[in-house]
Amino acid sequence: MKFGKNICILNVGGTKYAFTREVIKDFPLRRVSRLHSCSSEKEVLEVCDDYDRERNEFFFDRHSEAFVFIMLYVRSGKLRFVPQMCELSFYNEMIYWGLESSHLEFCCQRRLEDRMSETFTYFSEDDIKAEVESRCEEEHVGRLGNARWLERMRRTFEEPASSVAAQILASVSVIFVITSMVILCASTLPDWDTAKNNSVEEHRIIEAVCIGWFTAECIVRFIVSRDKCEFVRRPLNIIDLLAITPYYVSVTMTALTGDNPQLQRAGVTLRVLRIMRIFWLIKLARHFLGLQTLGLTLRRCYREMVMLLVFVCVAMAIFSALAQLLEHGLDLETSNEDYASIPAACWWVIISMTTVGYGDMYPITIPGRVLGGVCVVSGIVLLALPITFIYHSFVQCYHELKYRSARSMRSLSSEFLN
């Protein structure tokens, strides 16, 4: 600092602090220490809000009470939140003065992380990106009538809560899904063949109408989508394709093979393709918040799910080897044949760790029973460790999707009133 007096005065929100130039040079706050390297008033005004040359006073229009706690950190090395002040507001003050979240005490770091996660829930990057794209799209479709019509169609088919027409369309789609699932489940009943022979045309018509609706819905959504490549890559759209395609494949194979009894393999293929229609149930994820929450949680917690799988596999390998040794390997005369191999013992380990206990196989020796008890307790502990992280992520995803749904309902209510 090549100008001013030896004593520097910091005026933060009306509260004044006096320091010497030497203290300013090595000040722990990055913004304050930058004052020492300033060689002109122009550079000073880039650091602070105003400057009084006569009194060598630097003005900062910032929160004075927050700066008091920051000064306590400078003196004692401990930084905590200001009582009755928003954690994010105090964090903004920290960033302004050159501090980071790592300077906070551990308890305050946890509070800040929780607060930031809540903020992410309600103002996530996806929401901001979608809102920006929506505004840009609205400005663009304001010029072109056809584009406006396509955008309305896209929102009607892709966003069930965007309008009254979208809700009606979603309700019809749900009815078709439920009808299709009822027919699929009823087709496995013993008396279904007799009922089908009596009313074969009715069953074919219902099945064809459901498939026709799903096909038309998928085609329309593909036509009105903004990005066709992105549409094809979406998981729900892939599931729609997997649910629709088996019907047309089975109809084609039936038309080609007819009732030829020699084509048993084709008959098995048709039954497999028919069961694949169970994927239609996943279509309900478009309309129900619970299924959307489950899918979003699994997508965000894949690391925790892998961790859970690794825990189970490691424990299963250890306990199955010990169980095979204690029940079958030590005493061949009174050996338990259910534990004749380690892969066979793996089944007992997995049902014991998950506390299912079918009772189809169980240890008969005292060491084996002790091992079984340890296996059950270990399973409870190992499964509970990653579940906590998955639970918190599930709650966060639920609040995020609930907020999006509430925002869509507010826009829907205003549209309905208008």
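So, how was this worked out
Residues numbered from 1 in each chain as written. Predicted model: local features only at pLDDT ≥ 70, side-chain atom pairs only at ≥ 80, totals over all residues. Heavy atoms only, no water. Helix = DSSP H or I, 4+ residues; strand = E, 2+ residues; numbered from the N terminus. Buried < 20%, exposed > 50% of the residue type's maximum accessible area, 1.4 Å probe, protein only. Contact = heavy atoms within 4.5 Å. Areas by Shrake-Rupley, 256 points an atom, 1.4 Å probe, with all protein chains shown as cover. Salt bridge = Lys/Arg side-chain N within 4 Å of Asp/Glu carboxyl O. Phe/Tyr/Trp six-rings, centres within 6.5 Å; stacked < 30°, edge-to-face > 60°. Lys NZ or Arg CZ within 6 Å of the ring centre and 35° of its normal. Pairing = 2+ DSSP bridges. Axes fitted to C-alpha atoms, helices over the stretch in contact; angles between N-to-C directions.

Draft legend 1. How the structure looks around the overall build of the chain. The secondary structure content of the chain amounts to 18 helices and four strands. Counting all 418 residues of the chain, 34% fall into the buried class. Long-range pairs, those at least 24 residues apart, make up 60% of the contacts in the chain with a sequence separation of at least 6. For the chain, the exposed area adds up to about 25,500 Å²; of that, 62% sits on carbon and sulfur atoms.

Draft legend 2. Broad picture of the pattern of salt bridges. Throughout the structure, instances matching the rule amount to seven salt bridges. With a closest N to O distance of 2.9 Å, Arg55 and Asp52 form a salt bridge. Measuring nitrogen to oxygen at the nearest pair gives 3.0 Å for the salt bridge that ties Arg233 to Glu230. One end of the pair is Arg233 and the other is Glu230, both in helix α12 (residues 228-233) and three residues apart, which spans about a single turn. Owing to a relative accessible area of 54%, Arg233 belongs among the exposed residues under this scheme.

Draft legend 3. Highlighting the packing of aromatic side chains. Under the criterion given, the structure shown has eleven aromatic pairs. A ring pair is formed by Phe19 and Phe27, whose centres lie 5.1 Å apart and whose planes are at 70°; its orientation type is edge-to-face. Phe27 shares its class with Phe19; the two are buried. An angle of 55° between the planes, with centres 5.0 Å apart, marks the rings of Phe60 and Trp97 as tilted. Of the two residues, Phe60 sits in strand β4 (residues 57-60) while Trp97 sits in helix α5 (residues 87-97), which places them 37 residues apart along the sequence. One aromatic cluster is present, formed by Tyr17, Phe60, Phe67, Tyr96 and Trp97 through successive ring pairs. Here the guanidinium or amino end of Arg31 rests over the ring plane of Tyr96, the centre of that ring lying 3.8 Å away. One cation-aromatic arrangement involves Arg62 over Tyr96; the distance from NZ or CZ to the ring centre is 4.0 Å.

Draft legend 4. Quick peek at the sheet that holds β4. Strand order in the open sheet made by the four strands is β2-β1-β4-β3, with mixed pairing throughout. Where the open sheet ends on each side, the last strands, each with one partner, are β2 (15-20) and β3 (50-52). Each strand axis lies, on average, 20° off the axis of its neighbour in the sheet, ignoring direction. One ladder, built from three bridges, connects β3 with β4; its direction is antiparallel. Across the sheet, residue Asp52 finds its bridge partner in β4, namely Glu57.

Draft legend 5. Local environment of the pairing of β4. In this structure, strand β1 (residues 7-12) lies alongside β4, joined through four bridges in parallel fashion. Bridging from a neighbouring strand, Leu10 pairs with Phe58 of β4. Once β3 ends, the chain turns through four residues before running back antiparallel as β4, passing Asn56 with a positive phi of about 55°.

Draft legend 6. Main features of the environment of Thr355. Residue position: Thr355 is located in the loop between α17 (342-353) and α18 (366-417). Sequence spacing of Thr355 and Val376 is 21 residues, and the spatial spacing of their C-alpha atoms is 6.5 Å. Not counting residues within four places of it along the chain, the set of residues in contact with Thr355 comprises Val376 and Ile380.

Read these as layout, nothing more, since geometry by itself doesn't imply function.
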